[in-house]
Amino acid sequence: MGSTRWPTDVRVGDFILVGGTYQRVRDMRSVGATSARILHFAGRAPLIMREARTIYRPAEYR
């Protein structure tokens with residue numbers, strides 16, 4: 001189940017809907033002093049995330 005998360009709460013490995021398909025975040029960078037993040041994906045152009053979006057996070061097993 002997805003949850004709405006701000007750019008500062010996104011992690012590498014999360015999934016986000018981009019261009020009609022869910023893409024896994026492979027890497028990310030912050031944008032200056034703002035809370036925006038540049039999300040990098042495999043085989044797709046980066047996305048600048050400036051506002052809250054629905055993120056799907058894989059289950060963590062302990």
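Below is a summary of the structure that appears in this document. Predicted model, so just to flag it, every value in this text is computed and none were measured. (Residues numbered from 1 in each chain as written. Predicted model: local features only at pLDDT ≥ 70, side-chain atom pairs only at ≥ 80, totals over all residues. Heavy atoms only, no water.)

### Observations regarding the overall build of the protein
Applied cut-off: By definition, any uninterrupted DSSP run of H or I lasting at least four residues is a helix, any uninterrupted run of E lasting at least two residues is a strand, and each is numbered from the N terminus. We compute the radius of gyration over the C-alpha atoms and compare it with the globule rule, which gives 2.2 Å times the number of residues raised to the power 0.38.
Helix and strand counts for the protein stand at zero helices and seven strands. Counting from the amino terminus, the protein carries its helices and strands in the arrangement β-β-β-β-β-β-β. Its C-alpha radius of gyration of 11 Å places the protein within 12% of the 11 Å reference for a compact globule of 62 residues. Considering only C-alpha atoms, the protein reaches an extent of 35 × 25 × 20 Å along its principal axes.

### Quick look at the pairing of strand S2 (residues 15-18)
What counts here: Note on classification: 1.4 Å probe, protein chains only; a residue is buried when its accessible area is under 20% of the maximum for its type, exposed when over 50%, partly exposed between these limits. The pairing criterion is simple: DSSP has to find at least two bridges between the two strands.
A one-sided burial pattern is seen for S2, the buried positions being Ile16 and Val18 and the unburied ones Phe15 and Leu17. Note that S2 and strand S3 (residues 21-24) share four bridges and pair antiparallel. Paired with Val18 across the strands is Thr21, a residue of S3. Here S2 folds back onto S3, and the loop between the two strands holds two residues, one of which, Gly19, carries a positive phi near 60 degrees. The sheet contact formed by S2 and strand S7 (residues 53-56) spans two bridges and is antiparallel. From the neighbouring strand, Ile16 faces S7, where its bridge partner is Ile55.

### Considering the pairing of strand S4 (residues 27-30)
Regular strands have side chains that alternate between both faces of the sheet. Looking at chain direction, S4 and strand S5 (residues 37-41) are connected through four bridges and run antiparallel. Its bridge partner lying in S5, Asp27 is registered against His40. The antiparallel hairpin formed by S4 and S5 contains six residues in its connecting segment, where Gly32 sits at a positive phi of about 55 degrees.

### Section: the sheet that holds S3
The strands making up a sheet associate through backbone hydrogen bonding, with each pair oriented either parallel or antiparallel. Put simply, the rule reads: Here an axis means a line fitted to C-alpha atoms, over the contact stretch when the element is a helix, while the angle between two N-to-C directions is reported on a 0 to 180 degree scale.
Taken in spatial order, the four strands of this open sheet run S1-S7-S2-S3, and their pairing is antiparallel. Only two strands of the sheet have a single partner each, and these edge strands are strand S1 (3-5) and S3. Direction aside, the axes of adjacent strands within the sheet are offset by 50 degrees on average. Of the pairings in the sheet, the one linking S1 to S7 comprises three bridges and is antiparallel in character. From the neighbouring strand, Arg5 faces S7, where its bridge partner is Arg53.

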